[in-house]
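Here is what each chain is made of, one letter per residue.
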Amino acid sequence: MKDKSSNNNDIIGLPAEPQLPNKLSILPIGGRPIFPGIFTPLMVNSEEDTNVIEDAQNGDGYIGIVMLKNDKENPTLVDLHSVGTVARIIKRINLPDGGINVFVSTIKRFRIKKILSSSSPMVAAVDYLDDEEDNTFEVKALTRALMSEMKEISENNPMFSEEMRLNMVNIDHPGKIADFIASILNIDKDDQQKVLELVNVRKRMEQVLVFIKKEQEILRVQKKIQTELNDKVEKNQREYFLREELKSIQEELGIAGDSKSSDYQKFKAKIDSFNLEGEAKETVYSELEKFQLLDPHDPEYNSSRAYLGLVTSLPWNDSPAEKFSLTDARKVLDGDHYGLEDVKKRILEYLSVRKLKKDGKGSVLILVGPPGVGKTSVGRSIAKAMNKPFFRFSVGGEHDEAKIKGFRRTYIGAMPGQIIEGLKITKSKSPVFMIDEVDKMNASAQGDPSAALLEVLDPEQNINFRDTYLDIPFDVSNVFFILTANTLDGIQQPLLDRAEIIELSGYIDQEKMEIAKKYLVPKNLEKNGLKKSQVKFTRAALSLIATEYAREAGVRNFEKCIDKITRKLIFEQVLEFESSEKNADALGSSVAKKVFNIDVPEVRKYLGKPVFDESQIKTAGVAGTAIGLAWTSMGGDTLLLESISFKSEKGGLQLTGQMGDVMKESAQIAMNWSKKYAISNGIKDGKWFEENTVHLHIPEGATPKDGPSAGITMATTFMSLFTGKKIKPHLAMTGELSLTGQVLPIGGLREKTVAAKRNKIKTIIIPKANERDLEDIPEHVKKGIKFIPVSDVSEVIKLAF
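Remember, predicted model here, so these are calculated numbers, not experimental data.

Here is what the cut-offs are and how they apply
- Residues numbered from 1 in each chain as written.
- Predicted model: local features only at pLDDT ≥ 70, side-chain atom pairs only at ≥ 80, totals over all residues.
- Heavy atoms only, no water.
- Helix = DSSP H or I, 4+ residues; strand = E, 2+ residues; numbered from the N terminus.
- Rg over C-alpha atoms; globule rule 2.2 N^0.38 Å.
- Areas by Shrake-Rupley, 256 points an atom, 1.4 Å probe, with all protein chains shown as cover.
- Lys, Arg positive; Asp, Glu negative; His and termini not counted.
- Charge placed at Lys NZ, Arg CZ, Asp CG, Glu CD.
- Phe/Tyr/Trp six-rings, centres within 6.5 Å; stacked < 30°, edge-to-face > 60°.
- Buried < 20%, exposed > 50% of the residue type's maximum accessible area, 1.4 Å probe, protein only.
- Lys NZ or Arg CZ within 6 Å of the ring centre and 35° of its normal.
- Polar contact = N/O pair within 3.5 Å; in protein donor to acceptor, adjacent residues only side chain to side chain.
- Contact = heavy atoms within 4.5 Å.

1. Section: the overall build of the protein
Right, on to step 1. In terms of helices and strands, the protein carries 27 helices and 25 strands.
Right, on to step 2. Computed over the C-alpha atoms, the radius of gyration of the protein is 44 Å, more than 25% above the 28 Å expected from 2.2 N^0.38 for a compact globule of 801 residues.
Right, on to step 3. For the C-alpha atoms alone, the extent of the protein along its principal axes is close to 120 × 100 × 75 Å.
Right, on to step 4. Carbon together with sulfur atoms contributes 51% to the accessible area of the protein, which is approximately 40900 Å² in total.
Right, on to step 5. Computed over 112 positive and 116 negative side-chain charges, the separation of the two mean positions in the protein equals 8 Å.

Next comes the structure, spelled out in structure tokens:
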């Protein structure tokens, strides 16, 4: 029912209680419950509720008023609260719209015992609830507390009429006082129903007192907010009048205008000097005029000022020029990086083309390699070699294209994307931009950053690149973009098509040692407050760090190991000094006099247990095993593949060792080829494969493994198992296998060769197509190793046994 009781309830007298009926016509009401002892009007609109009134007037005139739990059209017993108030109809007024207005006098609480009729009108058998009297001093104290607290609320709230205050004073029954207060308090209807259901007078009064306290707290907070608001308005008005007065005084004295006028003049002067044309000119001057008309207190004022500040900070008039020397560029690259000869060569070739064309448009490089190989530092060196400003930002894990293209100005706190922000910072139209971790971007509901980058890097589009915040075209075609990634797998093909790819494969141990001597050790000593001549690392010490503590492709962990040794060394010296000296000022000079030699014992002392144990050389000691070579982010590594067979009704192949999808496919191809080869050559028959399951495992199962380079190793492992023969000692192999038995090329041969040499491998079988890569491997690494190129896996089988 949609009926609501009036908020202006009146207390009626307490005459002798009439004889109440045992069954009542139930009138469900929405809104709030009605308490006993109230004279109140009820608006009745629906046909069902009109039937309840008609039925009551045709009988004894009593109805049961019960609050609905929800606003259901045709309520049943489960939709009603169990406790309501019995009321007598005093007067009825028919309204022109067909509804009726009845005045009722509520008498007493009741509880629904049983529904006698669920059709309209609903009739229920009821039990009447008497107040549980509790004539104690506690009830008297509660009565006084209620009256006192309500007096405070009524005085501070204009909604309380004088009539309400008089009614409250004239009630002499504690339970009725609690009912009346609950009916006029601005509390939730469920809380009012909770009070209605309380029969014990003392508990009812305690509950109402809690609600009064909450109402008082709300009123206090409301008053505080109103006071603060009034103070703020008065302050703003006072400041406004003072500013106007100050402006008048400045005009009288001939002093320059306010900051807004000053900003406008500065913006206009700069924008005039840009000589903008077309859309850019129209948009910027329109914004400038808008800024002039805005009041400094207008919310849009700061937004407009920030926008014009960005526009005037961009290098509109910068004239890109390619002024650099290849000789100087080579010196910079050689001075900043050891090794990476192929990388340096390709960069210099790239720069020579730019120098010849005298046009840098469409220049995009992608530097690909494992962490720590120097991608970012190579980018800095390129900028240094070209005499251009350098700006770097990362998009790793980014899922919002606004990082690239900016946010709309309609949003609070909107800002331009990183491309425009970089131009603002470098103040150049042709800087070097490095965008890191492009292989780790993700598409989401906020857009695809990769797709946004396509527009930035496309020479056909970036002449008129449109940042969402700036919203006018800006030429970014002269920016030299350098992208970095760990792998090419996560980069979209259209993005790769726009760039020149340069791979940084990583460093072998000897290169790490040279890098440490020339760069890492001096840098670390300076960082820790020591002179370059104070700490000397032997070649054996640096070699030990490279092989047993920092085997990754880059040199970050190598640098961390050197830093750890230096810190522990300094710790010992400071501890020794403090135990013998008292003058703290002499610490620096005391340590500066000492020279430290770091050899193998010192490395083991300061770095502790090796991360990579070289005592366990992987060997294929039994039939069914073979050694493969793999490339990982830690550099090259050897893989010992193991296989066994066992009787099984299912047959087939079982794989373990955390293989990725690519490696699982390689294993299946190797198994099918080996099965065909074994049957064709009479090694095994088809029935054996139906009755036996072959299990292939790669140890170190906690480490994920994937990649297309273990095909021939798996095939060799299976053939060793089928024939019962062990492979030759000190033999390893790498190469992918096709279903027809062709050996396909692989990557990372240099790193794999280093790993093989470390594990005492004497012979390496490689794909024929990788024979050309042997030129990139230093002679001291290849020394003592025999490389055998093959084009078919049958050659591998003949060489392995």
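On we go from here.
2. A word on the packing of aromatic side chains
Right, on to step 1. Counting across every chain of the model gives 14 aromatic pairs.
Right, on to step 2. Arranged with centres 6.3 Å apart and planes meeting at 35 degrees, the rings of F274 and W316 form a pair that is tilted. Pair noted here: F274 is in helix 7 (residues 259-274) and W316 is in the loop between helix 9 (299-313) and helix 10 (326-336), with a separation of 42 residues, a long-range link. Like F274, the residue W316 is buried in the burial classification.
Right, on to step 3. With centroids separated by 5.7 Å and ring planes inclined at 75 degrees, the aromatic side chains of W688 and F722 adopt a geometry described as edge-to-face. Within this pair, whereas W688 is found in helix 23 (residues 686-691), its partner F722 is found in helix 24 (residues 711-723), the two being separated by 34 residues in sequence. No difference in accessibility class separates W688 from F722, as the two residues are buried.
Right, on to step 4. Among the aromatic side chains, those forming a connected cluster through ring pairs are F391, F393, F433 and F481.
Right, on to step 5. Just above the ring of Y307 sits the side chain of R409; from NZ or CZ to the centre is 4.0 Å.

3. Let's talk about the side chain of D400
Right, on to step 1. Checked against the element boundaries, D400 lands in the loop between strand 9 (390-394) and helix 13 (402-405).
Right, on to step 2. Looking at D400, its side chain comes within polar contact range of the main-chain nitrogen of A402, at 3.0 Å.
Right, on to step 3. Sequence-distant contacts of D400, defined by excluding residues within four places in its chain, comprise F407, Q446 and P449.

Everything listed here is a matter of coordinates, which is why it stays silent on function.
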